[in-house]
Amino acid sequence: MAGKLYLCATPIGNLEDITFRVIRTLKEVDVIAAEDTRNSIKLLNHFDIKTPMTSYHEFNKYDKAKVLVEKLLEGQNVAVITDAGTPGISDPGEELVRQCYEAGIEVTSLPGPAACITALTMSGQKTDRFAFEAFLPSEKKERNKVLEVLKNETRTIVMYEAPHRLSKTLKELYETLGDRSITLCKELTKVYENAHKTTLSAAAAEYEEKDIKGEYVLVIEGKSFEEIREEEIKKFEDMSIEEHMDMYISQGMDKKDAMKAVAKDRGVSKREIYNQLI
């Protein structure tokens, strides 16, 4: 009978945030796959966990996942932990999960700390709809593509950033997204935890001058539907109503339907379009 894969959330700073269930599971499994064994040994020692560890990280995630799947197929139970937080979120855990599903191995996740959710809930931004972006790509072309997509994102955006790239990222976000509300969450659950709610323009200027330390989670206001609608209407300001009508009629619409479409594009009533045409 195959073993089971346990995704175990570990503290993102404060060791008291680990759950009793995670501690018990880490003690009971046959092996723990850790992102950095040198980092994780401190956690295991603190809770007197003697289970053997093996490394599973970004640079061996494909080949090592195959090895771990073999262990699971042999009947061993495997726990996965990252340096901090919930495995599978912006880390190599997702590849192992994928391979486990392909091999028919049962996977379960033990809930616990996640920096993105912790930051979102304390940010003061809207939490009913959000998009998690993790780290922006480092390659310029890919980075610009992602930023362009985020330009019209209406959900609250949550992303991670390292201290040495924070100033550059804030400038790029301001230039691309415009001036929106942002909360910068730093050192979550740790002694110097801080949540600073401001605007992108103010943050870009402020953090250019700062000696930045610590890991950050950025929680950014989404674009409003009203702003998107205003931008859509503005597209047609340089086009006359006659040209606008001709655009739809040339696509095969009759005059009545074209008038409806023009009115919708411009955010006015069909009667107003009719009156201007005559």
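Placed above this text is the structure.
Quick caveat, the model's predicted, so the values are computed rather than measured. (Residues numbered from 1 in each chain as written. Predicted model: local features only at pLDDT ≥ 70, side-chain atom pairs only at ≥ 80, totals over all residues. Heavy atoms only, no water.)

Caption draft 1: Broad picture of the pattern of salt bridges. The full count for this structure, using the stated rule, is 15 salt bridges. Salt-bridge contacts for Lys4 lead to Glu106; the nearest nitrogen and oxygen are separated by 3.4 Å. Taken as a pair, Lys4 in strand S1 (residues 4-8) and Glu106 in strand S5 (residues 106-110) lie far apart in primary sequence, 102 residues in all. By relative accessible area, which is 21% here, Lys4 ends up partly exposed. What makes Glu106 partly exposed here is its relative accessible area of 49%. Notably, a salt bridge pairs Arg24 with Glu28, separated by 3.1 Å at the nearest N-O pair. You can see Arg24 and its partner Glu28 sitting in helix H1 (residues 20-28), four residues apart, about one turn around the helix. Classification of Arg24 as partly exposed rests on a relative accessible area of 43%. Look at the salt bridges and you will find they share partners, linking Glu95, Arg98 and Glu102 into a network. (Salt bridge = Lys/Arg side-chain N within 4 Å of Asp/Glu carboxyl O. Helix = DSSP H or I, 4+ residues; strand = E, 2+ residues; numbered from the N terminus. Buried < 20%, exposed > 50% of the residue type's maximum accessible area, 1.4 Å probe, protein only.)

Caption draft 2: A look at the pairing of strand S2 (residues 31-34). Of the two faces of S2, the one lined by Val31 and Ala33 and the one lined by Ile32 and Ala34 are each fully buried. Sheet topology places S2 next to strand S3 (residues 53-55); three bridges connect them, and they run parallel. By the bridge assignment for S3, Ile32 is matched with Met53. (Pairing = 2+ DSSP bridges.)

Caption draft 3: Broad picture of the packing of aromatic side chains. Inspection of every chain in the model, using the stated rule, returns three aromatic pairs. Geometrically, the ring pair formed by Phe135 and Tyr160 is edge-to-face, given 5.6 Å between the ring centres and 65° between the ring planes. Note that Phe135 is positioned in the loop between strand S6 (130-134) and helix H6 (140-150) and Tyr160 in strand S7 (residues 156-161), a separation of 25 residues in sequence. The class of Tyr160 is buried, set by a relative accessible area of 12%. Ring centres 6.1 Å apart and planes at 90° place the aromatic pair Tyr207 and Tyr216 in the edge-to-face group. Of the residues examined, Tyr216 reaches a relative accessible area of 6% and is grouped as buried. (Phe/Tyr/Trp six-rings, centres within 6.5 Å; stacked < 30°, edge-to-face > 60°.)

Caption draft 4: Spatial organisation of the side chain of Glu161. Within the secondary structure, Glu161 is located in strand S7. Among the polar contacts made by the side chain of Glu161, one reaches the side chain of Thr169 at a distance of 2.7 Å. The residues contacting Glu161, other than those within four sequence positions of it, are Phe135, Arg143, Leu166, Thr169, Glu215, Tyr216 and Leu218. (Polar contact = N/O pair within 3.5 Å; in protein donor to acceptor, adjacent residues only side chain to side chain. Contact = heavy atoms within 4.5 Å.)

Caption draft 5: Expanded view of helix H4 (residues 93-102). By the burial criterion, the buried members of H4 are Gly93, Glu95, Leu96, Val97, Gln99 and Cys100. For H4, the secondary structure elements touched by its buried residues are S1, helix H3 (61-73), strand S4 (78-81) and S5. Count one or two residues on from H4 and you reach Gly104, which has phi positive near 75°.

Caption draft 6: View of the layout of surface pockets. Empty space within the largest pocket amounts to approximately 1,000 Å³. Every residue lining the largest pocket is counted, 32 residues in all, and those nearest its centre are Ile12, Asp83, Ala84, Gly85 and Glu215. Among the secondary structure elements, those contributing two or more residues to the lining of the largest pocket are helix H2 (37-46), S7 and strand S10 (216-220). The dominant element in the lining of the largest pocket, judged by the number of residues it contributes, is H2, at five residues. (1 Å grid on protein atoms, 1.4 Å probe; cavity = no way out; pocket = protein on both sides within 12 Å on 5 of 7 lines; lining within 4 Å. Points joined across faces, edges and corners; volume = space filled by probe spheres on them.)

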